[in-house]
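Inside the fold
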Amino acid sequence: MTNIQGIVSSINGPVVKGLNMGSFKVHEMVTVGKQKLIGEVVSIEGEIATVQVYEETEGLKAGEIIYSTGTPLSVTLGPGMIGNIFDGIQRPLEKIQDMSKDFIPEGIGLLSLDMEKAWDVTVTVNVGDKLNPGDVYATIQETHRILHKMLVPYNVKGTVKKAQPSGKYTLNDIIVVLEKDNTETVELTLCTKWPVRKPRPMKERLPIYRPLITGQRVIDSFYPIAKGGTIGLPGGFGTGKTVTQHQLAKWSDADIIVYIGCGERGNEMTDVLEEFPKLIDPRTNRPLMERTVLIANTSNMPVAAREASIYTGITMAEYYRDMGYDVAIMADSTSRWAEALREISGRLEEMPAEEGYPAYLPSRLAEFYERAGCVKTLNGQEASITIIGAVSPPGGDFSEPVTENTKRFVSGFLALDKKLAYARHYPAINYLTSYSGYVDMLADWYEQNVASDMLELRHKMIVLLQEDEKLNEIVQLVGEDVLPNDQALVLETARMIKKGFLQQNALHAEDSYVTLEKQYKMLKCIDNFYEEALKCVKMGIPISVIRKESVIQDIMKIKYDIPNDKLELLDDLNERIVKTFADLRLKYE
Amino acid sequence: MKKEYLKLEKIEGPLIVLSGIVDAAYGEVINIKVGNEETRSGKIIKIEGDKVIAQVFEGTAGISTDNASVSFTGEPLSIPLSKEILGRTFNGVGQPIDGAYQVISKDRENINGRPINPVARRYPKNFIQTGFSSIDALMTLIRGQKLPIFSGNGMAHKELAAQLVKQAKIKGATADNFAVVFGAMGVRHDDADFFRRSFETAGVLDHVVMYINTADDPIIERISAPRCALTAAEYLAFKNNMHVVVVLTDMTSYAEALREISSAREEVPSRKGYPGYLYSDLSTIYERAGMLKSCEGSITLIPILTMPNDDITHPIPDLTGFITEGQVVLNRELNQKGVYPPIDILPSLSRLMKDGIGAEYTREDHADLQSQIYASYSKVQDIRSLAQIIGEDDLSDIDRLYLDFGRELEGKFIAQGKNENRSITETLDLGWHILSILPVTELDRMKSELIEKYYDYSRER
């Protein structure tokens, strides 16, 4: 039904009102005016509809026509997404560059995946096969590591009536024809459309039990992320949100990464584009770009498309989840998305709630985070979506509405701290105020795959750090020298945890990614030091003597000196620690 | 035939409302004839049915509902551009105010520009030597970066910006392809003169384009001034392959003008009365800096803003910091101590420096030295607050060395003369010299081989 037409009556930035639009549907995609700007209907009152436009509205006139498309705002799902970079409404930026050079104009129309490209398709069904929703009917090797599976849609069930032989096909070619029980036929191609605001169906939710290994010590050892979990990552500017998100995108052991640059800097996306193809995944030895989908709606691009970008990203993630993959989404930053909501809400003249944000902010955030999870897909596979949402609280104040509401809907909270960032303690994740609700759920996994005492060790270290924090308050008043030796040892050990373990250099080849095994052994060394030194302190050996031992420097430099593949060196170090302090005790006996 | 509308429905602050209009385009420029003599211009900012709301650039003083006639140009606000703009001075809407004629050119560009496609960007990598030790060593400016100066009223940001422009050594820039674009929003006349004089004494005035909106000029022009400046910069950089440094001052006045107009439009305010779109609006200014893969030119953007009440969490510095690639923060206490430039290094940061320093661009030890100075100076702050309680005499020997280090860093490294232009080698050597106050065991961020090579063992401790 593309013959329904509305008439532009008022224009206020990206918000346009149209007359004669009573038969349009809410969330329907429309094209506006002579330039065919892309927009979406957000509300209808009588014959007047409000449309948010995803492109610059400069030059638009009252009286121009609004055309209906009959479909809600949708993305095209199919091979060709991985390694690609899209804007907030899934238009490939490289193609836009071919069309218009360096700047993004308005009125370029709706583009999505490359429809011309021929893919090598393996058809996996034969005539007469009975197919259920979610069954695979064809596969495509999309990149070296990702096998793209074409799935029967959730509402289709039937018998294969026609199947093409394997070969080269483009996205719109009909591969399989299914006959439903009521003899209706359904043609299956290599792509499908899905409305972005509607979660894709799955069979059931599964409990969370596997961690997302990130290679970042403060995360994996202290505040783990679970596959299927939701994490908030708040931090004021300059605290390293983006570097942390990049690190997670690089090293997480997810099968697919969807990175949404939502209202952030253009150069950061350029950085990802230049860096990721060069980076090699330590697990597969293939370029990281072969598992990454990028969505870039930078801060200066139209604000309504920024609002859509989050949904575009999660819909793509769900599509790959349905194939049985573990997908992780990095959204940088959800605050910019919330601000886009606020900006549009203001132009719609809605009644504002806290700090001008619309009253539906919490429900929108909840809807987004609830699309994460560990699930059983329609065809019975186990798969997951993990969401890591960066939050940019104004002034670094965590009590503002977006951070507060995010906290309600995520189970893990990695708080980036300005004070740590100023001291160049990176990653500046606060080791005391952060939390992870997944520790208990992952306990079994850690016990079986790392070490039986891993979580115990973690707990001990956190307690030491808490004690250190309390002692530091005293030290700030009276200086460190007056503390008794056992307390001074706590400070010394905490220093070791902070500098030797928690601080991690993202730019250092050896330190950027650390295996769980090494993390565990590092903690073990620190623990060993603490216990051995404690014995010495209890004998009355002064802390100043203990501090002179060179093993302390060795422990501090493990992260640089001992490579991930030479962990036996850590066993030597452990022996050295024990021996050093045993010798010391002998001297004082 | 051009239609003229003779009746205004409403005049409020800088805005006028007309009704009975057909065929008006959002964002187009209108001409307003006031009385018989004067012509002003304006821009349509909202269309509601047959009603049009426009903002008037020169202000609405003297306009009544029946002494004005309005005609529509059908075009968005654009300025003519050619290389002749170098050496010229314009107002906030791109009209010359230096007594000469408007530039004649077939190239006219919409001052709003269009967003750069992230795919078309080239990641900025080359280091710019500013001659300031603190900036070059600790928050290195990179060609194509946007690095704002967060200042406060009465601090030396003008001098800093002027000296920086004078001393900046940009890779690939020669006398012919170097330009400065200066945009002033709501500044005092003497501030505008200060910049002009300092460009003159530096002998670069022929390479400078100025867009000046002084404090007594209409606030609407304050909104367009930085956009004119950046449109000119884009023209020079991306059409003529020049290396352009853009200085914008003062972004705080700009944001206040935005707030004033927003409140005249009766929009829902967000933090501190600023409109909810302040972030998006600022980004359409800041994000115009950068480099493109398709050409050699670059736009390096140095916006200056004064933090109201020296508060870095105020919406203007806060939102700026979220968009720009770092910040240079000035500190009142250092300023009072007479340290010039009064750069507070701990909150200052350059996000792009990681890729623009090191053996290839500056020197192998740069990254470690930077990290060590930060870590040690941050410790100085802790020790200072301890010393305030227990007195300097009761500090441990190591702590006292830290205090010496802090004093020397501020007095000799951060502080420098108004004509002192240090090379990067001088800066890094000086950094090592001062760091050598601390014993080797305290240098925990440094690779051992660098300590061997650069540490000054001869210093007395």
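In this report, the structure presented in the accompanying data block is examined. (Residues numbered from 1 in each chain as written. Chains lettered and ligands numbered in written order. Predicted model: local features only at pLDDT ≥ 70, side-chain atom pairs only at ≥ 80, totals over all residues. Heavy atoms only, no water.)

Take the overall build of chain A next. Across its full length, chain A carries 17 helices and 28 strands. Its C-alpha radius of gyration of 28 Å places chain A within 12% of the 25 Å reference for a compact globule of 589 residues. Taken along its principal axes, the extent of the C-alpha atoms in chain A is 95 × 55 × 40 Å. Across the 589 residues in chain A, those meeting the buried criterion constitute 60%. Excluding contacts between residues fewer than 6 apart, the proportion of contacts in chain A whose partners are at least 24 apart in sequence is 70%. (Helix = DSSP H or I, 4+ residues; strand = E, 2+ residues; numbered from the N terminus. Rg over C-alpha atoms; globule rule 2.2 N^0.38 Å. Buried < 20%, exposed > 50% of the residue type's maximum accessible area, 1.4 Å probe, protein only. Contact = heavy atoms within 4.5 Å.)

Looking now at the interface of chain B and chain A. Every contact between the two is made by 75 residues of chain B and, on the other side, 73 residues of chain A. Buried surface at the junction of chain B and chain A, both sides included, amounts to about 6100 Å², of which 52% is carbon and sulfur. When the area that chain B buries against chain A is broken down by residue, the three leading residues are Tyr26(B), Arg114(B) and Phe322(B), summing to 13%. Where chain B touches chain A, the interface holds seven salt bridges. Its salt-bridge partner being Arg114(B), residue Glu58(A) comes within 3.4 Å of it at the nearest N-O pair. In this assembly, chain B and chain A are joined by 35 residue pairs in polar contact (both at pLDDT 80 or more). Put simply, the parts of the chain that give the side of chain B that touches chain A at least two residues each are β5 (38-48), β11 (121-122), α4 (219-239), α6 (278-286), α7 (315-323) and α9 (366-390) of chain B. The dominant element in the side of chain B that touches chain A, judged by the number of residues it contributes, is α9(B), at six residues. A breakdown of the residues in the side of chain B that touches chain A according to their chemical character gives 35 nonpolar, 20 polar and 20 charged. (Buried area = accessible area lost by both parts, 1.4 Å probe. Salt bridge = Lys/Arg side-chain N within 4 Å of Asp/Glu carboxyl O. Polar contact = N/O pair within 3.5 Å; in protein donor to acceptor, adjacent residues only side chain to side chain. Nonpolar A, V, L, I, M, F, W, Y, C, P; charged D, E, K, R; others polar.)

Another aspect to go through is the nonpolar core. Phe222(A), Ile497(A), Phe529(A), Ile546(A) and Phe581(A) are the most contacted members of the largest nonpolar core, which totals 93 residues. When residues in this core are grouped by element, the largest group, twelve residues, is from helix α13 (residues 516-538) of chain A. In contact with Ile497(A), not counting residues within four places along its chain, are Phe222(A), Met461(A), Leu464(A), Leu465(A), Leu502(A) and Ile526(A). Core analysis: the second largest hydrophobic core is formed by 74 residues, Met139(B), Val180(B), Val380(B) and Ile414(B) among them. (Core = buried A, V, L, I, M, F, W, Y, C linked by side-chain atoms within 4.5 Å.)

This brings us to the sheet that holds strand β16 (residues 185-188) of chain A. Residues and elements named next belong to chain A. Read across the open sheet, the four strands follow the order β10-β13-β15-β16; overall the sheet is antiparallel. Strands at the two margins of the open sheet, each flanked by one partner only, are β10 (130-131) and β16. Relative to strand β13 (residues 158-163), β10 runs antiparallel, the two sharing two bridges. Bridge pairing links leucine 131 to glycine 158 in β13. (Pairing = 2+ DSSP bridges.)

Bear in mind that shape data such as this cannot, by itself, settle questions of function.
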